[in-house]
Amino acid sequence: MAEFERDWLLRLGTQRALEIVSEACRHIPDELLSLAPDVPWKKIRGIGNILRHQYHKIADDVIWVVVTKNILPLKAAIKSIQHSIGVER
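Going along each chain's sequence as written, the residues are numbered from 1 onward. The model is predicted, so local features are restricted to residues of pLDDT at least 70 and side-chain atom pairs to those at 80 or more, both for listing and for counting; the totals for chains, interfaces and linings are taken over all residues. Side-chain figures throughout are based on the complete set of non-hydrogen atoms in the structure, without hydrogens or water.

### Structural notes on the overall build of the protein chain
Step number 1: Tallying secondary structure elements over the protein chain gives 5 helices and 0 strands in all.
Step number 2: Secondary structure follows DSSP: runs of H or I at least 4 residues long count as helices, runs of E at least 2 residues long count as strands, and numbering of each begins at the N terminus. Helices and strands in the protein chain line up, N terminus first, as α-α-α-α-α.
Step number 3: Projected onto the principal axes, the alpha-carbon positions of the protein chain cover approximately 40 × 25 × 20 Å.
Step number 4: The buried share of the protein chain, taken over its 89 residues, is 27%.
Step number 5: Long-range pairs, those at least 24 residues apart, make up 61% of the contacts in the protein chain with a sequence separation of at least 6.
Step number 6: Of the accessible surface of the protein chain, which amounts to about 6,400 Å², a share of 60% is contributed by carbon and sulfur atoms.
Step number 7: When the 13 basic and 11 acidic side-chain charges of the protein chain are each reduced to a single mean position, those positions are 2 Å apart. Relative accessibility decides the category of a residue: with a 1.4 Å probe and only protein chains considered, values under 20% of the type maximum give buried, values over 50% give exposed, and everything between is partly exposed. Throughout, a contact is declared for two residues whenever any of their heavy atoms are within 4.5 Å. Per-residue and other accessible areas follow the Shrake-Rupley method at a 1.4 Å probe size, with only the shown protein chains counted as cover for residues. Charge counting follows a simple rule: Lys and Arg are positive, Asp and Glu are negative, and His as well as the terminal groups are ignored. A charged residue contributes its charge at one atom only: NZ of Lys, CZ of Arg, CG of Asp or CD of Glu.

### Considerations on the nonpolar core
The tendency in soluble globular proteins is for nonpolar side chains to be buried as a group.
Step number 1: Nonpolar core, defined: a set of buried Ala, Val, Leu, Ile, Met, Phe, Trp, Tyr and Cys residues in which side-chain atoms within 4.5 Å join the residues together. Within the largest apolar cluster, 11 residues are counted, these being Cys-25, Ile-28, Leu-32, Leu-33, Ala-36, Val-39, Trp-41, Ile-44, Leu-74, Ala-77 and Ile-81.
Step number 2: Secondary structure elements with two or more residues in this core: helix 3 (30-33), helix 4 (41-53) and helix 5 (60-84).
Step number 3: When residues of this core are assigned to their parent elements, the largest contribution, 3 residues, is made by helix 5.
Step number 4: Apart from the residues lying within four places of it in its own chain, the contact partners of Leu-33 are Cys-25, Ile-28, Trp-41, Arg-45 and Ile-81.

### A few points about a nonpolar patch on the surface
Step number 1: On the surface, a cluster of nonpolar side chains totalling about 360 Å² of accessible area is made up of Trp-8, Leu-9 and Leu-12.
Step number 2: Residue position: Leu-12 is located in helix 2 (residues 8-26).
Step number 3: We classify Leu-12 as partly exposed; its relative accessible area is 44%. Each patch is built from residues that are more than 30% exposed by relative accessible area and take part in no salt bridge. Like charges join if they lie within 9 Å; nonpolar side chains (Val, Leu, Ile, Met, Phe, Trp, Tyr) join within 5 Å. A pairing counts as a salt bridge when a side-chain nitrogen of Lys or Arg comes within 4 Å of a carboxyl oxygen of Asp or Glu.

### Digging into the confidence of the model for the protein chain
Step number 1: A score from 0 to 100, pLDDT tells how confident the predictor is in each residue. On average, residues of the protein chain carry a pLDDT of 91, and 99% of them reach 70 or more.
Step number 2: No element of the protein chain has a lower mean pLDDT than helix 1 (residues 2-6), at 90, and none a higher one than helix 2, at 95.

### Structural notes on helix 2
Step number 1: By this rule, a helix spans an expected 1.5 Å times one less than how many residues it contains. With 19 residues, helix 2 ought to run about 27 Å at 1.5 Å a step, and its terminal C-alpha atoms sit 27 Å apart, in line with that.
Step number 2: Against the buried residues of helix 2 lie helix 1, helix 3, helix 4 and helix 5.
Step number 3: Any pair of nitrogen or oxygen atoms within 3.5 Å is treated as a polar contact; in protein, a donor-acceptor pairing is required on top of that, and neighbouring residues in sequence qualify only through side-chain atoms on both sides. Between a side-chain oxygen at the N-terminus of helix 2 and the backbone nitrogen of Leu-9 the separation is 3.1 Å; the capping residue is Asp-7.

### Description of the pattern of salt bridges
Charged atoms that come close allow side chains of opposite charge to pair.
Step number 1: Scanning the model with the defined rule gives 5 salt bridges in all.
Step number 2: One salt bridge in this structure joins Arg-11 and Asp-60, with 3.5 Å as the shortest N-O distance. Taken together, the residues span a long stretch of sequence, with Arg-11 in helix 2 and Asp-60 in helix 5 at a distance of 49 residues.
Step number 3: We classify Arg-11 as buried; its relative accessible area is 18%.
Step number 4: As a salt-bridge pair, Glu-19 and Arg-16 come within 3.5 Å of each other at their nearest N and O atoms. With Glu-19 and Arg-16 both in helix 2 and 3 residues apart, this pair spans about one turn of that helix.
Step number 5: Among the residues examined, Glu-19 registers a relative accessible area of 14% and is labelled buried.
Step number 6: One network of salt bridges, with partners in common, ties together Glu-23, Arg-26 and Arg-52.

See below:
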């Protein structure tokens, strides 16, 4: 966390990556999202709006938790959805 807080380029890159993930989730049909009901899809979609438009609300500690605690479960959910529709990457 300390390095993350010190490195502005790392913070901005991480925020941009989360924006991309958020936007990508907006394009997944709701019927596919329902295959992973434990994932907070609404929050994932919403974090992009905060990152794009509400800079004053960006908290490094929140971004850090998203990256360290939530990305791997999200990745697993996406892989599960891909598998269920026959798309493997």
